[in-house]
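What follows is the residue order along each chain.
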Amino acid sequence: MVNKFNFSSKFKLANIFSLIFFLISILFMLFKGLNYGIDFKGGTLIELRANNINASEIRSVLNSMDLGDVNVKKFGQEGDHLIKVEQKENDGNKIISQIKDNLSDSLNAEINFRRVENVGPKVSSELLQSGIIAISLSLIAMLFYIWIRFEWQFSMGSIIALFHDVVITLGIFSILSLEINLSIIAAVLTIVGYSMNDTVVIYDRIRENLNKYNRLNISEIADLSINDTLARTIITSVTTLLALLSIFILGGEILRGFSFAMILGVVIGTYSSIFVASPMLKFFKVTYKTLEKEDEKIVP
Amino acid sequence: MLNFSKINTFIIYLILFIVSLFASLNFQKKDNLYIDKKINLGLDLQGGSYLLLEINSDTLIQKKIQDKVIPIKRLFRENNINYSNFKINKQSLFVNIRDIDKFDLLFKSRNNNLINPYIDNYRSFELEYKKISNDQIEIAFSKFGLLTINNSALKQSIEIVRRRIDDVGTKEPTILQRGEKRILIELPGLKDPERIKNLLGKTAQLNFRLVSENSEFGTDKLISENGEELNVSKRIIMSGESLIDAQPNISNQNNEPTVSFTLDRLGAQKFGRATTDNVGKRLAIVLDGEIVSAPSINEAITSGNGMISGNFSFQEATDLALLLRSGALPTPLLVVEERTVGPDLGEDSIKSGTLSLIVGFILVILFMLYKYKIFGLIANTALIVNLLMLVGILTILEATLTLPGIAGIILTVGMAVDANVLIFERIREELKTEKSIIHAFDTGYAKAKITVLDANITTLIAAIILFSFGSGPVKGFAITLGIGIITTLFTAYFLARHLTSLVVLNSKKNDIKI
């Protein structure tokens, strides 16, 4: 790369921008909340396909059944609808057959029930709990891995960047009222892995350059290292995004939320490795001396 | 890093050959005679039903504690312990006794203690008591006593669930214990689980009890099949446990579907005696607390064969016979999670998953060719082999492929090139300062090695956590993502490096660009 970009001059601006977005995300999650799907809220989901029926017909049949909160929307191709019914006590054993029978009887159409899911209140709260544990555990595991491989300053920096990615991704889901289900948790965990991957590549170079040029300060080292690895950062983001876009556009409705979360995560994760994880090293006052103590550990 | 010994090269390609061989098993039309391994399709791809059932042992525990009442009272009497105020409250017994020390000694005896057996595995008694006031004690099951009851109820339930499902005849059902209270059932290809849910929703506790004339003490008021209110004695003449067979039938007299049953020897004796003594009275056949029918006893039935009629449709008679054959569940089962995917949605998912895989793959390949030319070709070869290995390893593990699993493969395609990109970019840098091309490639590979490893291990950690916490489809994603990382490392550091070495070592000095 001939044209070196002066990243460190933009760090302050980027950090203010990140902080604002981070706070907005937290506020939205606190006050608007996340739109949990039945995996985490409990309830019934039915995907059906039928010719010549519309959402309002389905809605009126279901409303006559006194099911509580009912949500019907078009889903994918013509004639496909997605029904979501709120959980009412623990009567899940019968509710599905009642809804199916009622719809088949009242709507004069051949209905193909393509997907039926029911999650009880106990299971949904367990799933939510284990989702939160999984994300927390992955953050802690990353913290320790980087701590072992680098120094504590690096592991703090990368964890702050990861936290930033997870919160903002979920914040955008809250702002856009997109559904959070099991596959979104999988996406968030993958984002954690991907963002970490990106951060590690830059950190690795920072460590190497700190050893090589002990005259330069950390900002200059960060600049140099980001530029050194920039081509790789861009190429890998592009290939990953190409694959994800392909899933987003062609992979069908079920994978849409998942691939959207991943696309967001890759973009935010790439940004954060450069603009959050790297300035954090300056914040934690990393110099070439930081590495000296444990020099022998670094190069295996 | 560019030197490969003959033996190394041989091992690399041997591994590739074997894994590809396994991958190819999936594309054979006929079953292979020698190795029968294939990637399984998850329920979300082939269609089918997933059910999670939970046992509720509350009523069972109440019943078990009631069973302790008589033996405990006998213990008091036989040992001259004065007691008063004996009460049952849900899952515990309350009693006032003076001589608690004497009781303690007997209660905690390990010698042939039939009332309160010592459970060796847990080093604990089945029951425990605590003093509530000076002379009142509360007796209840100990923690391990409850655990024992729960475990045996769960084991028994799984056995009966399996019998019922096998009897219905669905193909290749999976029935597994999940945790301490749950049973996981997967029924591939099943379009509508309602019938199975109905069959599993009944405990099928069958009792034969006499109908008494008046509502004296010890009767229950039950509604018969044709709406009349009957006083049914609480005393059970015979229960479903004595049944050895039950079959649906069409009755000769009125062409109605009925269920005929056969009793074991002991049951036949009991039933014979009861029917002999009570000719003329009515016998209520009670299933899960509801009367199926209450026929009059016309004559003594001593053969051990009987018949239940009760306005059944033939399907109902078939299901009742099935339930009676499979035996009663010790506790009711509740469906706490259910997911059913129809076969056509599964097919659509396979189609869209495959399409996005192919398109994503082609996009990445074209991009790499454009970016790295000849080395792009190497990266792409590595990518193709990577996919092949991924499929091969999934086959060896007989893993389950789900829709998110396909997404994991596509993601692997996107991320797999990263290892080669890291290496190639590093070599580019080295080429700027290094005069010897071979040396530049060598140091490029060596220096990138740690970074590649670090970067991939982080994703692997995420995949492992996802695997241990995720369920069903999400687990499938974790599997493909995790294995994808391993195959990526292998192809980048062995195959691509070997191919690179062939290109570099066989070309003239200055014509290599990356």
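Keep in mind that what you see is a predicted model, and the values were worked out from it rather than measured. (Residues numbered from 1 in each chain as written. Chains lettered and ligands numbered in written order. Predicted model: local features only at pLDDT ≥ 70, side-chain atom pairs only at ≥ 80, totals over all residues.)

A. Broad picture of the environment of Met 238 of chain B. Residue and element names in this part refer to chain B. Within the secondary structure, Met 238 is located in strand S14 (residues 238–239). Accessibility expressed as a C-beta count within 10 Å gives 23 for Met 238, which makes it buried. For the pair formed by Met 238 and Tyr 445, sequence separation is 207 residues and the distance between their alpha carbons is 79 Å. Contacts of Met 238, omitting those with residues within four sequence positions, involve Phe 208, Gly 267, Lys 270 and Phe 271. (Helix = DSSP H or I, 4+ residues; strand = E, 2+ residues; numbered from the N terminus. Buried ≥ 20, exposed ≤ 12 C-beta atoms within 10 Å, placed from the backbone. Contact = placed C-beta atoms within 7 Å.)

B. The arrangement of the sheet that holds strand S16 (residues 257–263) of chain B in detail. All names here are of chain B. In space, the three strands of this open sheet follow the order S15-S16-S19, with antiparallel pairing throughout. At either margin of the open sheet sits one strand with a lone partner, and together these are strand S15 (243–250) and strand S19 (305–308). Neighbour-to-neighbour, the strand axes of this sheet turn through a mean angle of 25 degrees, independent of strand direction. Examined bridge by bridge, S15 and S16 share seven bridges and lie antiparallel to one another. Across the sheet, the residue bridging to Pro 248 is Val 259, located in S16. Contacting S15 and S16, helix H9 (residues 314–326) runs over the sheet at an angle of about 175 degrees to S15. (Pairing = 2+ DSSP bridges. Axes fitted to C-alpha atoms, helices over the stretch in contact; angles between N-to-C directions.)

C. Representation of the sheet that holds strand S7 (residues 127–131) of chain B in the model. Residues and elements named next belong to chain B. Reading across from one edge, S3-S4-S8-S7 is the order of the four strands in this open sheet, with antiparallel pairing throughout. Because the sheet does not close on itself, it has two edges, and the strands there are strand S3 (83–89) and S7. Each adjacent strand pair in this sheet contributes to an overall mean axis angle of 20 degrees, direction not counted. Here five bridges tie S3 to strand S4 (residues 92–97), and the two strands are oriented antiparallel to one another. Within S4, the residue paired with Lys 87 across the bridge is Phe 94.

D. A look at the interface of chain B and chain A. Counting residues at the interface gives 58 residues for chain B, matched by 57 residues for chain A. Broken down by secondary-structure element, the contributors of at least two residues to the side of chain B that touches chain A are helix H7 (194–201), strand S20 (333–341), helix H10 (343–396), helix H11 (403–433), helix H12 (437–469) and helix H13 (473–505) of chain B. Of the residues contributing to the side of chain B that touches chain A, the split by class is 33 nonpolar, 13 polar and 12 charged. Here strand S5 (residues 112–119) of chain A pairs with S20 of chain B via five bridges, running antiparallel. If you follow Asn 118 of chain A over to S20 of chain B, its bridge partner there is Glu 338 of chain B. (Nonpolar A, V, L, I, M, F, W, Y, C, P; charged D, E, K, R; others polar.)

E. Fine view of the packing of helix H5 (residues 121–149) of chain A against H12 of chain B. Relative to each other, H5 of chain A and H12 of chain B sit at 155 degrees, their axes nearing to 10 Å. Classified by the interaxial angle, the pair formed by H5 of chain A and H12 of chain B is roughly antiparallel. Regarding H5 of chain A and H12 of chain B, the two cross each other, and that crossing is right-handed. Of the residues in H12 of chain B, those touching H5 of chain A at Ser 130, Ile 133, Ala 134, Leu 137, Ser 138, Ala 141, Met 142, Tyr 145 and Arg 149 of chain A are Asp 454, Ile 457, Thr 458, Ile 461, Ala 462, Ile 465, Leu 466 and Phe 469 of chain B. Residues belonging to the contact of H5 of chain A with H12 of chain B are distributed by class as follows: 12 nonpolar, three polar and two charged. (Parallel < 35°, antiparallel > 145°, perpendicular 65-115°, else oblique. Left-handed = near helix turned anticlockwise from the far one by under 90°.)

F. Spatial organisation of the domain arrangement of chain B. As far as domains go, chain B holds domain 1 (6–45 + 344–511), domain 2 (58–147) and domain 3 (207–313). A C-alpha centroid distance of 64 Å is found between domain 1 of chain B and domain 2 of chain B. (Domains from an automatic or database assignment.)

G. Representation of the packing of helix H8 (residues 218–250) of chain A against H10 of chain B. Between H8 of chain A and H10 of chain B, the least distance of the axes is 8 Å, while the angle of their chain directions is 155 degrees. Our classification of the angle between H8 of chain A and H10 of chain B gives roughly antiparallel. The interaxial crossing formed by H8 of chain A with H10 of chain B has right-handed handedness. Contacts between H8 of chain A and H10 of chain B involve Ile 235, Val 238, Thr 239, Leu 242, Ala 243, Ser 246, Ile 247 and Leu 250 of chain A from the former and Ser 352, Leu 355, Ser 356, Val 359, Gly 360, Leu 363, Val 364, Phe 367 and Lys 371 of chain B from the latter.

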